[in-house]
Protein chains: 2
Amino acid sequence: MNEHRLIARIEGALEQRGERIVRSVGEDAAVVRASGAAVTSIDTLVEGVHFKLSTHSAADVGHKALATALSDLAAMGAGAGEVYASLAVPGELAEERVLELVAGMEELAKRTGATIAGGDVVSAPTLMISVAVTGWASDPQALAYRDGGRPGDLLGVTGELGGAGAGLILLEGLDAALPRAEREALETAVPEGERARLLARHRRPEPRLEAGRALAAAGVTAMIDLSDGLATDAGHLAGRSGVSARVRLAELPIAPAVAAVASAAGREPAELAASAGDDYELLVAVAPDRAEAASAAAEGAGTRLTWLGELSGGEEGRVELTGRDGLPVELSGYAHR
Amino acid sequence: MNEHRLIARIEGALEQRGERIVRSVGEDAAVVRASGAAVTSIDTLVEGVHFKLSTHSAADVGHKALATALSDLAAMGAGAGEVYASLAVPGELAEERVLELVAGMEELAKRTGATIAGGDVVSAPTLMISVAVTGWASDPQALAYRDGGRPGDLLGVTGELGGAGAGLILLEGLDAALPRAEREALETAVPEGERARLLARHRRPEPRLEAGRALAAAGVTAMIDLSDGLATDAGHLAGRSGVSARVRLAELPIAPAVAAVASAAGREPAELAASAGDDYELLVAVAPDRAEAASAAAEGAGTRLTWLGELSGGEEGRVELTGRDGLPVELSGYAHR
């Protein structure tokens with residue numbers, strides 16, 4: 001790998017946008033005009049751990065690496081700003097694949113108004129992508145945090161759950177290591193169109209930037225993105241807020257076709273939707289008198305809030321999941337990233 | 001590896017400092033109050049490529065990962081601000097080693113006034129550390145860039161060169177793969193004290209943050225840090241400035257004991273000092289009438305500038321190295337990171 005040539009080709013594939021940027025590629029560091037609050041997160045995807053090049057295209061990987069980082073900005077209600085991407089690339093990976101990866105990232109950056117303003121390329125035995133993103137808000141007070149939830153707040157979630165988890169099950173079904181009968185059951189579980197949608201949901205998660213901004217502005221008391229799965233992330237929000245949470249599994253907005261895939265894999269749909277990660281929807285805590293405003297904000301941002309539980313006093317960080325009968329349900333397994 | 005427990009232990013080892021920070025660990029993203037210009041860079045170190053755990057302690061690795069990123073801020077004249085560290089950790093690496101790595105990073109952060117404000121930990125087959133750093137300046141105009149050099153500018157370098165390269169040669173001498181006679185020649189090339197200093201120079205590079213700020217304020221026309229080596233980085237500065245550069249090898253401020261190590265390894269000391277990377281000194285271009293002010297600025301920051309060449313018209317990005325006799329010298333090999 002010729003790192004200098006590859007970097008030059010990557011730079012040629014990037015478009016600069018936004019008036020904040022003073023200098024970006026070609027310098028030791030990027031320079032942006034700063035004001036208000038800067039919101040920064042870093043995320044890393046590793047081949048064989050978070051994706052496989054056998055089931056994800058290079059462009060999928062670039063998209064996902066940026067999407068997961070942007071989702072952290074969405075969870076605070078910040079707007080997307082600058083992206084800094086460090087690519088650790090095995091020598092045997094063709095330069096064209098690396099450029100496809102960057103193109104996948106650039107496409108999402110463009111669509112969300114972000115600019116890839118810096119990065120580096122190094123050699124490594126395993127493909128790894130670290131993405132740091134900075135977003136901006138007028139003021140720290142304009143943002144939502146994990147720790148503002150209060151007893152009595154309603155819990156709401158954007159969009160639909162379980163799609164990414166079902167997509168992952170289907171992807172693993174592509175894996176030749178699976179017994180033939182199981183593979184066939186998965187392959188025929190859902191029609192082709194649904195199948196493609198679930199796979200895309202896993203491969204190309206969509207950061208809820210617009211909804212995050214709208215919900216923060218609507219005065220949610222706490223917000224978090226669902227990367228580890230609803231059950232786990234609700235625990236993070238509750239723990240940081242010093243409260244406990246109750247989630248009614250029957251209320252989960254389960255994505256279409258998730259039930260069919262879950263059944264084929266011998267899983268309960270609601271449990272899958274509550275435990276599988278990577279949906280990147282937003283979970284919010286909202287004071288009851290702001291619930292209507294929050295719903296309207298989500299709808300204005302092209303999604304909808306589903307109310308599925310509430311916060312209460314009690315053991316900090318504890319999440320009680322209840323079934324259709326109102327009785328507690330234990331999840332068989334939590335998915336952690 | 002229990003990522004959640006490890007993250008909690010890492011968070012416990014970090015001290016928050018600086019009034020800019022509103023939220024850091026425990027949130028989806030860190031939030032800082034922003035003004036002026038934000039300067040951001042990302043760097044990645046990979047085990048087996050940039051370091052070996054057989055010759056670097058975990059604390060060395062943490063130090064170096066942060067130092068190389070901070071050096072990019074130094075090269076612009078920005079002050080150190082926030083650090084976002086993503087650790088990709090093999091399952092077999094003990095948690096204690098990871099905490100030592102973080103401690104090495106935290107120690108340098110504390111000394112430079114930076115705050116480790118965020119990060120993540122993921123599993124990976126190879127240890128990799130990605131560090132994004134943000135520094136701050138009052139205004140984009142207060143910073144120095146690579147592209148401001150003009151024909152007639154003098155080239156100066158801070159500190160001493162070749163120490164990191166000689167340290168690397170010594171480190172490789174520790175490697176059992178080297179023939180015994182060569183290993184012994186290296187082991188006896190320099191006294192123990194010098195040896196330790198050269199090894200430290202390689203393992204624990206020092207970002208020239210104070211000098212960078214002082215030199216930017218003194219009106220240097222261009223600045224870059226020496227990560228790839230003087231010959232290569234002078235080419236970057238010259239290329240971005242649209243000029244060529246001349247460097248007089250006889251003027252290089254070669255670190256003590258470098259000559260002895262170079263000889264033992266069959267290398268020319270000045271060539272080693274000009275081609276080896278990782279010294280992380282600063283190379284500046286300065287208009288002749290500002291040279292005195294730049295020298296004084298460097299001295300005020302605890303280092304000194306050595307004048308070793310100049311910029312001129314001619315082929316963009318070309319670097320002419322001249323020997324003691326004033327005739328051009330070809331380097332046998334450039335070191336690239």
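Preceding block: the structure.
Visitor: Can you break down the relation of the copies chain B and chain A residue by residue, with the values?
Guide: Take chain B, turn it by 180°, move it 0.0 Å along the axis, and it overlays chain A with an RMSD of 0.0 Å. On the angle and the small slide along the axis, the relation comes out as a two-fold axis. When C-alpha distances to the rotation axis are compared across chain B, the minimum falls at Ser35(B), with a value of 2.2 Å. A share of 100% of the interface residues of chain B reappears at the interface of chain A, consistent with the copies meeting face to face through the same patch.

Visitor: Describe the pairing of strand S7 (residues 222-225) of chain A, listing the residues and the values that go with them.
Guide: Residues and elements named next belong to chain A. Residue alternation in S7 divides its side chains into two sets, Ala222 and Ile224 and Met223 and Asp225, and both sets are buried. Where S7 lies against strand S9 (residues 282-286), 4 bridges are found, and the strand directions are antiparallel. Within S9, the position partnered with Ala222 by the bridge is Ala285.

Visitor: Outline the packing of helix H4 (residues 163-174) of chain B against helix H6 (residues 192-203) of chain B, listing residues and values.
Guide: Each pair of packed helices can be described by the angle between their axes along with the distance between the axes. All names here are of chain B. At a minimum axis distance of 7 Å, the contact between H4 and H6 shows a crossing angle of 105°. Considering the angle they form, H4 stands roughly perpendicular to H6. Here Gly163, Ala164, Ala166, Gly167, Leu168, Leu170, Leu171 and Leu174 of H4 come into contact with H6, specifically with Arg195, Leu198, Leu199, Arg201, His202 and Arg203. Taken together, the residues that form the contact of H4 with H6 break down as 8 nonpolar, 3 polar and 3 charged.

Visitor: Can you break down the pattern of salt bridges residue by residue, with the values?
Guide: Any two side chains of opposite charge can pair, on the condition that their charged atoms come close. Under the defined criterion, the tally for this structure stands at 42 salt bridges over all chains. We note a salt bridge from Arg23(A) to Glu27(A), for which the minimum N-O separation is 3.6 Å. By relative accessible area, which is 10% here, Glu27(A) ends up buried. For the salt bridge of Arg146(B) with Asp28(A), the shortest nitrogen-to-oxygen distance reads 2.8 Å. Note that Arg146(B) is positioned in the loop between strand S5 (128-137) and strand S6 (154-158) and Asp28(A) in the loop between strand S1 (21-23) and strand S2 (30-46), a pairing that runs across two chains. According to the relative accessible area criterion, Asp28(A) is buried, its value standing at 7%.

Visitor: Help me get a handle on the pairing of S5(B), residues and values and all.
Guide: Residues and elements named next belong to chain B. Judged by how many residues are buried, S5 sits mostly within the fold: 10 of 10 residues are covered. Burial of the side chains of S5 extends over both faces: Met128, Ser130, Ala132, Thr134 and Trp136 are buried on one face and Ile129, Val131, Val133, Gly135 and Ala137 on the other. Strand direction decides the pairing type here: strand S2 (residues 30-46) and S5, joined by 10 bridges, are antiparallel. Counted as the bridge partner of Asp43 is Val131 from S5.

Visitor: Describe the side chain of Glu106(B), and please don't skip the residues or the numbers.
Guide: Residue and element names in this part refer to chain B. Note on placement: Glu106 falls in helix H3 (residues 95-112). Under the relative-accessibility criterion, Glu106 is labelled buried at 8%. Setting aside anything within four residues of it in sequence, one finds Glu106 in contact with Ala13, Leu14, Glu15, Arg17 and Ile116.

Rules used in this analysis
Residues numbered from 1 in each chain as written. Chains lettered and ligands numbered in written order. Predicted model: local features only at pLDDT ≥ 70, side-chain atom pairs only at ≥ 80, totals over all residues. Heavy atoms only, no water. Least-squares fit on C-alpha atoms with pLDDT ≥ 70 in both. Contact = heavy atoms within 4.5 Å. Buried < 20%, exposed > 50% of the residue type's maximum accessible area, 1.4 Å probe, protein only. Helix = DSSP H or I, 4+ residues; strand = E, 2+ residues; numbered from the N terminus. Pairing = 2+ DSSP bridges. Axes fitted to C-alpha atoms, helices over the stretch in contact; angles between N-to-C directions. Parallel < 35°, antiparallel > 145°, perpendicular 65-115°, else oblique. Nonpolar A, V, L, I, M, F, W, Y, C, P; charged D, E, K, R; others polar. Salt bridge = Lys/Arg side-chain N within 4 Å of Asp/Glu carboxyl O.

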